[in-house]
Amino acid sequence: MKPPRSLSFGGSTYKILYPMELPDGDMGKCEHNKTLLQVSQDQSLEQMKSTLLHEAIHAGAHAMHWDAKEQTVLKVEKMIFSMVRANPSLFKWIM
């Protein structure tokens with residue numbers, strides 16, 4: 001399955017790019033002013049999925065006018081990622 005190329009939040013659509021690497025060794029980046037998410041390919045597929053979820057949380061928080069701190073986003077990312085992985089039937093049912 002191909003990775004998503006865009007995500008929508010609160011009326012904004014974010015383009016998703018997958019560069020080989022990002023500056024400063026970052027694994028992901030969310031640029032609200034450009035409605036752009038970037039996920040480095042310089043990580044495993046599982047890490048890329050988790051990184052995309054992380055950046056999507058930043059975008060969603062921005063759309064909700066929630067100034068989510070990085071540590072909070074990390075915790076939410078880990079919680080949702082593990083929940084999805086452990087309970088795929090729940091998410092299939094929601095969809």
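Scroll up to find the structure.
What counts, and at which threshold
- Residues numbered from 1 in each chain as written.
- Predicted model: local features only at pLDDT ≥ 70, side-chain atom pairs only at ≥ 80, totals over all residues.
- Heavy atoms only, no water.
- Helix = DSSP H or I, 4+ residues; strand = E, 2+ residues; numbered from the N terminus.
- Rg over C-alpha atoms; globule rule 2.2 N^0.38 Å.
- Buried < 20%, exposed > 50% of the residue type's maximum accessible area, 1.4 Å probe, protein only.
- Expected span 1.5 Å × (residues − 1).
- Arc of directions from axis to C-beta.
- Contact = heavy atoms within 4.5 Å.
- 1 Å grid on protein atoms, 1.4 Å probe; cavity = no way out; pocket = protein on both sides within 12 Å on 5 of 7 lines; lining within 4 Å.
- Points joined across faces, edges and corners; volume = space filled by probe spheres on them.
- Nonpolar A, V, L, I, M, F, W, Y, C, P; charged D, E, K, R; others polar.
- Pairing = 2+ DSSP bridges.
- Axes fitted to C-alpha atoms, helices over the stretch in contact; angles between N-to-C directions.

**Description of the overall build of the protein**
Right, on to step 1. Check the secondary structure of the protein and you find 3 helices and 4 strands.
Right, on to step 2. Start at the N end of the protein and walk to the C end: the helices and strands fall as β-β-β-β-α-α-α.
Right, on to step 3. Here the C-alpha radius of gyration of the protein, 13 Å, is about what a compact globule of 95 residues would show, namely 12 Å.
Right, on to step 4. The dimensions of the protein, computed from C-alpha atoms along their principal axes, are 35 × 30 × 25 Å.
Right, on to step 5. Taking all 95 residues of the protein together, the buried fraction comes to 32%.

**Remarks on helix 2 (residues 70–86)**
Right, on to step 1. For helix 2, spanning 17 residues, the distance from its first C-alpha to its last is 24 Å, which sits close to the expected 24 Å at 1.5 Å a residue.
Right, on to step 2. Within the span of helix 2, buried status applies to V73, E77 and F81. The arc that holds the buried residues of helix 2, viewed along the axis, is 60°, so those residues lie on one side. Opposite the buried face of helix 2, by more than 90 degrees, sit the exposed residues Q71, K75, K78 and A86.
Right, on to step 3. In this structure, the buried residues of helix 2 make contact with helix 1 (45–63).

**Topic: the layout of surface pockets**
Right, on to step 1. Of the volumes computed, that of the largest pocket is approximately 840 Å³.
Right, on to step 2. Forming the boundary of the largest pocket are 20 residues, of which P4, K49, L52, F81 and V84 lie nearest the centre.
Right, on to step 3. Of all the elements in the fold, those that place two or more residues in the lining of the largest pocket are helix 1, helix 2 and helix 3 (88–94).
Right, on to step 4. Looking at which element gives the most residues to the lining of the largest pocket, the answer is helix 1, with 6 residues.
Right, on to step 5. Taken together, the residues of the lining of the largest pocket break down into 16 nonpolar, no polar and 4 charged.

**Looking at the sheet that holds strand 1 (residues 6–9)**
Right, on to step 1. With respect to topology, 4 strands assemble into an open sheet ordered 1-2-4-3, the strand pairing being mixed. Of all strands in the sheet, those with a lone pairing partner are strand 1 and strand 3 (28–31), marking the two edges. The average undirected angle you get between the axes of adjacent strands in this sheet is 20°.
Right, on to step 2. Pairing analysis gives 4 bridges linking strand 3 to strand 4 (residues 36–39), with the strands arranged antiparallel.

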